[in-house]
Amino acid sequence: MPKIIGKSLHEHRQMTRHKLFTALSTLMAERGFDTITLADIAQAAGVGRTAVYNHFSDKESLLLGFITHETEQYALTLERALAEVDDPVAQLRTYIRQQAQLTRVFHLAPGPDLRTVLSRSTLARLREHAEIVESILKRILHDGIERGSFPPQDIEPTVQLVNACLSGRLIPDDAEARERAIRAAETFVLRAVGARPQMAA
């Protein structure tokens, strides 16, 4: 019987999943998802391959589990940050900074774009998770339009365009260059959504 880590079976399962997610994230920072095997993940996590199959049937389901976890945690962090500000423009600034500083495996993994190596069903599920964060931006924009902070506009394409500007690929690693890029993103996005000039300054 495999050794139980943690104080209970539930805690053991949570800790094992965390190890697998950390291993996958580390491996994807080094090479493309298409070259990673479950054996690689098990070895990096320090668990047996059987332990992997106890949680995930294949590496796509593991990736989906990882991104689900990361998205949920990120959404909670974002909502907490937004709860501290009321003004829609200030909320949009907060959203921009949170998004720009986020290292997203989906965008940053070396090798082929994940969209070219994942099944349609997995891509559809990933899209559902992206919509969790998009819904937060939609709420900010809707509120800003209602309160006169932004002019009326088509929300759906605006959300896609804003998030495209905030892709992790566009944000440098160097701290000074990163801050400059984030400030530029703030200015650009606020102008793009029509924030009132005095607020976008």
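Computed from a predicted structure; not experimentally measured. (Residues numbered from 1 in each chain as written. Predicted model: local features only at pLDDT ≥ 70, side-chain atom pairs only at ≥ 80, totals over all residues. Heavy atoms only, no water.)

> Would you mind showing me how to read the overall build of the chain here?
Looking only at helices and strands, one finds 10 helices and 0 strands in the chain. When the elements of the chain are put in sequence order from the N terminus, they spell out α-α-α-α-α-α-α-α-α-α. Considering the chain as a whole, with its 201 residues, one finds that 39% of them fall into the buried category. Long-range pairs, those at least 24 residues apart, make up 67% of the contacts in the chain between residues at least 6 apart in sequence. About 11,400 Å² of surface is accessible on the chain, with carbon and sulfur atoms providing 54% of the total. (Helix = DSSP H or I, 4+ residues; strand = E, 2+ residues; numbered from the N terminus. Buried < 20%, exposed > 50% of the residue type's maximum accessible area, 1.4 Å probe, protein only. Contact = heavy atoms within 4.5 Å. Areas by Shrake-Rupley, 256 points an atom, 1.4 Å probe, with all protein chains shown as cover.)

> Quick question: what am I supposed to make of the pattern of salt bridges here?
A side chain with one charge can pair with a side chain of the opposite charge if their charged atoms come near. Applying the stated criterion across every chain yields a total of 12 salt bridges. For Arg 147, the salt bridge identified is with Asp 86, shortest N-O distance 3.0 Å. With Arg 147 in the loop between α7 (120–146) and α8 (155–165) and Asp 86 in the loop between α4 (59–82) and α5 (88–100), this pair connects stretches of sequence that are 61 residues apart. Exposure remark for Arg 147: the relative accessible area of 40% places this residue in the partly exposed category. Salt-bridge contacts for Arg 127 lead to Glu 134; the nearest nitrogen and oxygen are separated by 2.9 Å. Given the relative accessible area of 34%, Arg 127 is considered partly exposed. Residue classification places Glu 134 among the buried positions, given a relative accessible area of 7%. Salt bridges sharing partners connect three or more residues here, namely Arg 93, Arg 97, Glu 179, Arg 183 and Glu 186. (Salt bridge = Lys/Arg side-chain N within 4 Å of Asp/Glu carboxyl O.)

> Mind showing me how you'd approach the UniProt feature "DNA-binding region" (unreviewed entry) in the chain here?
Within this structure's numbering, the places UniProt gives as "DNA-binding region" (unreviewed entry) are residues 37–56. Note that residues 37–56 is 65% helix and 0% strand, and that its end C-alpha atoms are spaced 13 Å apart. (UniProt positions renumbered as here; feature names shortened; annotations may be inferred.)

> I keep staring at the packing of aromatic side chains and nothing clicks. Help me out?
Overall, the coordinates contain 2 aromatic pairs when judged by the stated rule. Where Phe 21 meets Phe 56, the ring centres are 5.9 Å apart and the plane angle is 45°; that geometry is what we call tilted. Here Phe 21 is found in helix α1 (residues 9–30), whereas its partner Phe 56 is found in the loop between α3 (49–53) and α4, with 35 residues between them in sequence. With respect to class, Phe 21 is no different from Phe 56; both count as buried. Measuring from ring centre to ring centre gives 5.8 Å for Phe 21 and Phe 66, while their planes differ by 50°; the resulting arrangement is tilted. On the criterion of sequence distance, the pair formed by Phe 21 in helix α1 and Phe 66 in helix α4 is long-range, its members being 45 residues apart. Across the pair, exposure class does not vary: Phe 21 and Phe 66 are buried alike. Grouped by ring-pair contacts, the aromatic residues Phe 21, Phe 56 and Phe 66 constitute a single cluster. (Phe/Tyr/Trp six-rings, centres within 6.5 Å; stacked < 30°, edge-to-face > 60°.)

> Quick question: what am I supposed to make of the environment of Lys 59 here?
Along the chain, Lys 59 falls in helix α4. Here Ile 36 takes part through its backbone oxygen, which lies 2.6 Å from a polar atom of the side chain of Lys 59. (Polar contact = N/O pair within 3.5 Å; in protein donor to acceptor, adjacent residues only side chain to side chain.)

> Before we go on, may I ask you to explain the environment of Thr 116 in this structure?
Among the secondary structure elements, Thr 116 is positioned in the loop between α6 (105–108) and α7. Under the relative-accessibility criterion, Thr 116 is labelled exposed at 59%. With 82 residues separating them along the chain, Thr 116 and Asp 34 place their C-alpha atoms 9.6 Å apart.

> I would appreciate a short explanation of α5 in the present structure.
Helical geometry: 3.6 residues make up each α-helical turn, so side chains three or four residues apart lie on a common side. Taking 1.5 Å of rise per residue, the 13 residues of α5 would be expected to cover 18 Å, and the 18 Å separating its terminal C-alpha atoms lies within 8% of that figure. All buried positions along α5 are accounted for by Pro 88, Val 89, Gln 91, Leu 92, Thr 94, Tyr 95, Ile 96, Gln 99 and Ala 100. If you check the start of α5, you find a side-chain oxygen 3.2 Å away from the backbone N of Val 89, and it comes from Asp 87. (Expected span 1.5 Å × (residues − 1).)

> Is there a simple way to think about the side chain of His 129 in this case?
Counting through the fold element by element, His 129 comes out in helix α7. Taking relative accessible area as the criterion, His 129 reaches 11% and is therefore assigned buried. At a separation of 2.8 Å, a polar atom in the side chain of His 129 contacts the side chain of Thr 68. Non-local contacts of His 129, meaning those with residues more than four positions away in its chain, are made with Leu 64, Thr 68 and Thr 71.

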